[in-house]
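The chain contents come next:
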Amino acid sequence: MKLDSAPLDISGISQTQIELELKDSTDFNLTDAIAQPVQPVVVDSPEKQQSALVVFGTTFVTIFLAEIGDKTQLSTLLMSAQSHSPWVVFIGSAAALITTSLLGVLLGSWIATRLSPKTVEKSAGVMLLVISLMLFWDIFTSH
């Protein structure tokens, strides 16, 4: 049974009153009803996506430049030439780099929950300075 098929005397409202109420309810202005724009509940905003792309690009360029000509790349080159299986060497070295990167990310995430970014930066700087001094000391004492 349809709702509009009920007898009018039960509801106590005449047909003309119902028609006027329907006309009034559909005749409204949305611009008056909106006071402020509705903020979407979206986790991935364009700013966040752009930020993720910037982080990805910066990470890629930094690691790419740091790895060019280092001992890992030279070892991979020598293993590929020696084994005559360049794709197997590629897969093995890629898996090793992914694993070490995963360990670095997990350790970095764990450290970030316990230390401030400023402390992490200072600690990394001190560690690199100590490593540099140890390398210079090794070179200085070996001659």
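Refer to the structure presented above.
Anyway, here's the lowdown on the structure attached to this text. These numbers come from a predicted model, not from an experiment.

Turning our attention to the overall build of the protein. A count of helices and strands for the protein gives seven helices and zero strands. Taken across its 143 residues, the protein has 2% of its residues classed as buried.

This paragraph deals with the side chain of Asp70. For Asp70, the position within the fold is in the loop between α4 (46–67) and α5 (71–83). As a buried residue without a salt bridge, Asp70 has its nearest oppositely charged side chain in Lys71, at a separation of 7.4 Å. At 3.0 Å, the side chain of Asp70 and the backbone nitrogen of Gln73 are in polar contact.

On the surface, a nonpolar cluster with roughly 650 Å² of combined accessible area is contributed by Phe56, Phe60, Val61, Phe64, Leu65 and Ile68. Following the sequence through the fold, Phe60 ends up in helix α4.

Positive phi is not limited to glycine here, since His84 has a value of about 60°. If you trace the backbone, His84 turns up in the loop between α5 and α6 (86–114). On the basis of relative accessible area, His84 is assigned to the exposed category, the value being 68%.

What follows covers the packing of aromatic side chains. Summed over the entire model, instances satisfying the criterion amount to four aromatic pairs. Note on Trp87 and Phe90: the rings are 5.8 Å apart at their centroids and 85° apart in plane angle, and the pair reads as edge-to-face. Of this pair, Trp87 and Phe90 both sit in helix α6, separated by three residues, roughly a single helical turn. Residue Trp87 is classed as exposed on the basis of its relative accessible area, which comes to 64%. A centroid spacing of 6.2 Å and a plane angle of 40° characterise the contact between Trp137 and Phe140, whose relative ring orientation is tilted. Here Trp137 pairs with Phe140, and both are found in helix α7 (residues 117–142), just three residues apart, close to one helical turn. An aromatic cluster is built from Phe56, Phe60 and Phe64, whose rings are joined through pairwise contacts.

Conventions and cut-offs
- Residues numbered from 1 in each chain as written.
- Predicted model: local features only at pLDDT ≥ 70, side-chain atom pairs only at ≥ 80, totals over all residues.
- Heavy atoms only, no water.
- Helix = DSSP H or I, 4+ residues; strand = E, 2+ residues; numbered from the N terminus.
- Buried < 20%, exposed > 50% of the residue type's maximum accessible area, 1.4 Å probe, protein only.
- Lys, Arg positive; Asp, Glu negative; His and termini not counted.
- Salt bridge = Lys/Arg side-chain N within 4 Å of Asp/Glu carboxyl O.
- Polar contact = N/O pair within 3.5 Å; in protein donor to acceptor, adjacent residues only side chain to side chain.
- Patch = residues over 30% accessible without salt bridge, like charges linked within 9 Å, V, L, I, M, F, W, Y side chains within 5 Å.
- Areas by Shrake-Rupley, 256 points an atom, 1.4 Å probe, with all protein chains shown as cover.
- Phe/Tyr/Trp six-rings, centres within 6.5 Å; stacked < 30°, edge-to-face > 60°.

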